[in-house]
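# Chains, contacts and geometry: an overview
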Amino acid sequence: MANVISIEGSHGVGKTTLVRNLKQKFTEAFFYDEQGIKELQLKKEQSKYRMHVESEFYEIQKWYIQHEIDRFNYLGNQDLVFVVRGPEMKEFYILQYPKTIGKNWDVETNLQPWLTKLRSCRSSKILFLDATIQNLKERIERSGRPRKNIEDWFDIWYQPYTTFFMNHSNSFIVDTNTLNDLIVKQIVSDWILNSATD
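Residues numbered from 1 in each chain as written. Predicted model: local features only at pLDDT ≥ 70, side-chain atom pairs only at ≥ 80, totals over all residues. Heavy atoms only, no water.

Let us now look at the pairing of strand β4 (residues 125-130). Counting buried residues along β4, five of its six residues qualify, which places the element largely inside the surrounding structure. Inspection of the sheet shows β4 paired to strand β5 (residues 171-175) by five bridges, in the parallel sense. The residue bridging Asp130 from the neighbouring strand is Asp175, located in β5. (Buried < 20%, exposed > 50% of the residue type's maximum accessible area, 1.4 Å probe, protein only. Helix = DSSP H or I, 4+ residues; strand = E, 2+ residues; numbered from the N terminus. Pairing = 2+ DSSP bridges.)

Spelled out as C-alpha cells, the structure:
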C-alpha cells in the first residue's frame with residue numbers, strides 16, 4: 001500500500017504553493033493531481049442529476065467514491081505520495097452536504113457499502129494547514145485570484161471542515177497564520193522526514 005500524505009486546508013491557505021515547494025524538496029515523490037475530476041463534473045452535468053434530490057445525490061456520490069477507489073488502486077505501493085484532498089475529505093463531504101441544505105438524510109445507511117469501500121482507502125498521514133477566516137480572506141484578496149463561491153465556503157463549510165480535520169486522529173496540524181511559505185515548507189519537510197524514521 002502506498003505511503004500517502006493528504007494535504008488539507010481551507011481555500012486560500014496555501015496548499016498549491018506548498019505542493020510546488022515540496023516538489024523541489026522531495027524529487028522522488030509522486031504528486032497526484034485531480035485527474036478525472038473534470039470528466040466526473042461533466043458526467044454529473046450531462047446526467048441532469050440534482051444534488052438536492054436524495055436518490056440522485058447518492059448516485060453522484062457513488063461515481064466520486066469509485067473515482068477515489070480507483071485513484072488509490074493506481075498508487076500501488078509507492079514510497080511517498082502527496083495528494084491534495086484525500087479520501088477523508090470525500091467522506092466528510094458526503095456526510096456533511098445534506099446538513100448544508102437542511103436535510104436529515106440517512107447517508108450512512110443508504111451508502112453503507114460504498115462508504116465501507118471508501119473507508120478502506122486511507123491516507124497514511126493527513127497534513128492540515130490551519131488559518132483563521134480573516135487571515136484567509138486577506139490572503140485571497142492579496143493573491144488577486146478569484147475564488148468561486150468563496151463566501152458560501154466560509155459561511156457554511158469552513159467551520160465543520162476545520163473541526164473535522166483538527167480533531168482527526170491522523171492529522172498533523174500546522175498553524176500558518178503567522179508563517180510564510182518557506183517556513184511552512186520547512187516545518188512540513190521536517191515532519192515528513194522525522195515521520196519516516198519513527
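Let us look at the packing of helix α2 (residues 37-47) against helix α3 (residues 54-75). Viewed as axis vectors pointing N to C, α2 and α3 meet at an angle of 165°, and their least axial separation amounts to 11 Å. Regarding the angle of α2 to α3, the classification is roughly antiparallel. The chirality of how α2 crosses α3 is right-handed. Contacts between α2 and α3 involve Ile37, Leu40, Gln41, Lys43, Lys44 and Ser47 from the first element and Ile60, Trp63, Tyr64 and His67 from the second. Broken down by class, the residue content of the contact of α2 with α3 amounts to five nonpolar, three polar and two charged. (Axes fitted to C-alpha atoms, helices over the stretch in contact; angles between N-to-C directions. Parallel < 35°, antiparallel > 145°, perpendicular 65-115°, else oblique. Left-handed = near helix turned anticlockwise from the far one by under 90°. Contact = heavy atoms within 4.5 Å. Nonpolar A, V, L, I, M, F, W, Y, C, P; charged D, E, K, R; others polar.)

Attention now moves to the side chain of Ser189. Tracing the chain through its elements places Ser189 in helix α9 (residues 181-197). Residues within four places of Ser189 in sequence aside, it is in contact with Leu22, Lys25 and Phe26.

Running from amino to carboxyl end, helix α4 (residues 87-100) crosses helix α6 (residues 112-119) at an angle of 155°, the nearest separation of the two axes being 10 Å. As far as their axial angle goes, α6 and α4 are roughly antiparallel. Judged by the twist between their axes, the crossing of α4 over α6 is left-handed. Packed against α4, whose contacting residues are Pro87, Lys90, Glu91, Ile94 and Leu95, the element α6 presents Leu115, Leu118 and Arg119 at the interface. Here the residues of the contact of α4 with α6 are counted per class, giving five nonpolar, no polar and three charged.

The next subject is the nonpolar core. Among the nonpolar cores identified, the biggest contains 57 residues, and Phe82, Leu127 and Val188 are the most heavily contacted of them. The greatest single-element share of this core, amounting to nine residues, is contributed by α3. Beyond its immediate sequence surroundings of up to four residues, Leu127 is in contact with Ile5, Ser6, Ile7, Glu8, Leu18, Phe172, Val174, Val188 and Trp191. (Core = buried A, V, L, I, M, F, W, Y, C linked by side-chain atoms within 4.5 Å.)

The next thing to look at is the packing of aromatic side chains. In the structure shown here, the tally under the stated rule is 22 aromatic pairs. Seen in terms of ring centroids, Phe128 and Tyr161 are 5.9 Å apart; in terms of plane orientation they differ by 55°. Their pairing is tilted. With Phe128 in strand β4 and Tyr161 in helix α8 (residues 150-166), the pair connects residues that are 33 residues apart, well separated along the chain. Tyr161 shares its class with Phe128; the two are buried. Between Phe128 and Phe165, the ring centres sit 6.1 Å apart and the planes meet at 10°, which makes this aromatic pair stacked. Separated by 37 residues along the polypeptide, Phe128 in strand β4 and Phe165 in helix α8 bring together distant segments of the chain. Three or more aromatic residues joined by ring pairs form one cluster here, namely Phe57, Tyr58, Phe92, Tyr93, Tyr97, Trp105, Phe128, Trp153, Trp157, Tyr161, Phe164 and Phe165. Cation over ring: Lys117 sits above Trp114, and NZ or CZ is 4.5 Å from the ring centre. (Phe/Tyr/Trp six-rings, centres within 6.5 Å; stacked < 30°, edge-to-face > 60°. Lys NZ or Arg CZ within 6 Å of the ring centre and 35° of its normal.)

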